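Residues per chain, in single letters:
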Amino acid sequence: MGLLQNGQWVDQWYATKENGGKFQREDAQLRNWITPDGSAGLSGSAGFKAESGRYHLYVSLACPWAHRTLIFRQLKQLTAHIGVTVVEPHMLANGWEFKGPNQSTDAHAIDGAQVDELFNKDFMYQIYLQAKPDYSGRVTVPVLWDKQQNTIVSNESSEIIRMFNSVFNKVTGNTEDYYPLELQSEIDSLNELIYPNINNGVYRSGFATTQKAYEEAVMPLFDTLDTLEAILANKRYLLGNQITEADWRLFTTLIRFDCVYVGHFKTNLRTIESYPNLSGYLRDLYQQPWIADTVNFEHIKQHYYFSHQHINPTQVVPEGPIIDYMRPHNRSEL
Ligand SMILES: N[C@@H](CCC(=O)N[C@@H](CS)C(=O)NCC(=O)O)C(=O)O
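Each value, and the rule that gives it
- Residues numbered from 1 in each chain as written.
- Predicted model: local features only at pLDDT ≥ 70, side-chain atom pairs only at ≥ 80, totals over all residues.
- Core = buried A, V, L, I, M, F, W, Y, C linked by C-beta atoms within 7 Å.
- Buried ≥ 20, exposed ≤ 12 C-beta atoms within 10 Å, placed from the backbone.
- Helix = DSSP H or I, 4+ residues; strand = E, 2+ residues; numbered from the N terminus.
- Domains from an automatic or database assignment.
- Contact = placed C-beta atoms within 7 Å.
- Pairing = 2+ DSSP bridges.
- Axes fitted to C-alpha atoms, helices over the stretch in contact; angles between N-to-C directions.
- Parallel < 35°, antiparallel > 145°, perpendicular 65-115°, else oblique.
- Left-handed = near helix turned anticlockwise from the far one by under 90°.
- Nonpolar A, V, L, I, M, F, W, Y, C, P; charged D, E, K, R; others polar.

Right, let's talk about the nonpolar core for a bit. Judged by nonpolar contacts, the single largest core of 81 residues is most densely connected at Tyr 58, Val 59, Met 124 and Val 141. Counting residues per element, this core draws most heavily on helix α8 (residues 245-264), at 10 residues. Looking at this core, you find at least three residues from each of domain 1 (2-172) and domain 2 (181-288). Apart from the residues within four sequence positions on either side, Val 141 is in contact with Tyr 58, Val 59, Ser 60, Cys 63, Ala 66, Val 87, Trp 96 and Met 124.

Pairing in this open sheet of four strands is mixed, and the strands run β4-β3-β6-β7 from one edge to the other. Two strands lie at the open edges of the sheet, namely β4 (82-86) and β7 (151-154), each paired on one side alone. Sheet twist, expressed as the average angle between the axes of neighbouring strands with direction ignored, equals 35 degrees. Summarising the sheet, strand β3 (residues 55-59) and strand β6 (residues 143-146) pair through four bridges and their orientation is antiparallel.

The next thing to look at is the pairing of β4. If a strand is regular, its side chains alternate between the two faces of the sheet. Examined bridge by bridge, β3 and β4 share five bridges and lie parallel to one another. By the bridge assignment for β4, Tyr 55 is matched with Ile 82.

What follows is about the packing of helix α5 (residues 184-199) against helix α7 (residues 211-231). When two helices pack together, you describe them by how their axes are tilted relative to each other and by the distance separating the axes. Closest axis-to-axis distance for the α5/α7 pair is 8 Å, and the angle between their directions is 135 degrees. In this view, α5 runs oblique relative to α7, as classed from their interaxial angle. The interaxial crossing formed by α5 with α7 has left-handed handedness. Two secondary-structure elements touch here, α5 through Leu 193, Ile 194, Asn 197 and Ile 198 and α7 through Pro 220, Leu 221, Thr 224 and Leu 225. Here the contact of α5 with α7 is built from residues that sort into six nonpolar, two polar and no charged.

By domain assignment, the chain separates into domain 1 (2-172) and domain 2 (181-288). The gap between the C-alpha centroids of domain 1 and domain 2 is 24 Å. For the side of domain 1 that touches domain 2, the elements supplying multiple residues, two or more each, are α1 (64-75) and α3 (157-166). The biggest single contributor to the side of domain 1 that touches domain 2 is α1, with four residues. Here the side of domain 1 that touches domain 2 is composed, by residue class, of five nonpolar, five polar and three charged.

Here is the structure:
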């Protein structure tokens with residue numbers, strides 16, 4: 001696990017000492033936007049037109065942020081238009097790796113991991129260096145790659161899913177909208193509650209290196225879960241009967257919660273299974289078309305338990321829990 005410093009790979013864990021044991025997530029740096037006509041988007045440069053076959057996603061099936069982009073790729077029928085490469089779940093001294101020929105001996109090929117079909121590289125940091133030879137920063141997934149300009153369009157999942165939601169509509173003919181104009185302010189408010197407290201809250205709990213920093217993360221995490229449990233008592237989805245971006249952003253954390261975060265990240269006041277509404281809601285989302293195919297519990301468990309040796313030095317990966325996400329959710333009447 002490490003980062004690039006002026007184009008050099010350095011093996012280094014997150015620094016928490018300077019911030020009283022708190023984990024602070026770095027902002028994503030590469031923030032261009034694909035647009036229907038290639039004009040500039042909300043940030044970054046112009047020149048990224050929505051075209052079939054031009055863009056490629058690098059993801060980890062373990063990663064909740066990358067998972068969002070895979071879900072939107074499915075829901076928006078982009079699978080024939082945007083390719084995908086899946087990295088190894090074990091993220092060790094070289095960071096994310098491909099199942100390539102020169103892989104470090106530490107890496108373990110796990111079913112579903114792939115070689116880098118575009119460049120035959122061994123490590124994800126080499127993809128960042130192809131885009132920016134002097135890159136400094138963490139090497140994260142997801143990455144949206146432009147095969148035409150040979151560069152990274154974006155490494156920010158929240159913006160990649162916004163692009164996928166609408167900019168390829170003319171290419172695919174799919175006009176489903178998970179961020180409709182009339183719901184945008186409500187979706188934004190939910191995201192502002194859910195991102196710091198839940199999506200990033202599990203990481204702030206799990207990566208905290210002092211008792212205080214852990215408690216400051218885990219208590220608001222469960223307060224927010226309690227709030228959502230109450231909302232979901234009389235609404236099928238967060239905003240009513242329509243599934244929106246806010247639901248998919250919550251889903252990728254909830255599906256990892258009981259199998260990883262409860263144990264590995266110590267978010268163990270309760271399980272999601274113990275919340276009647278949240279657990280039914282989670283199954284409801286899981287059972288939507290194509291979604292189960294985007295969930296790989298083997299990659300999820302292998303990644304967290306095996307990669308974070310500070311937290312789990314033995315690297316033993318638990319067998320459980322046994323949860324049937326296909327059992328009835330009984331939420332259709334809401
Ligand atoms: N802001 C980014 C965060 C992505 C992110 O942190 N991904 C994790 C995997 S779950 C990663 O690649 N971490 C590697 C690192 O921090 O060195 C996004 O949402 O796209």
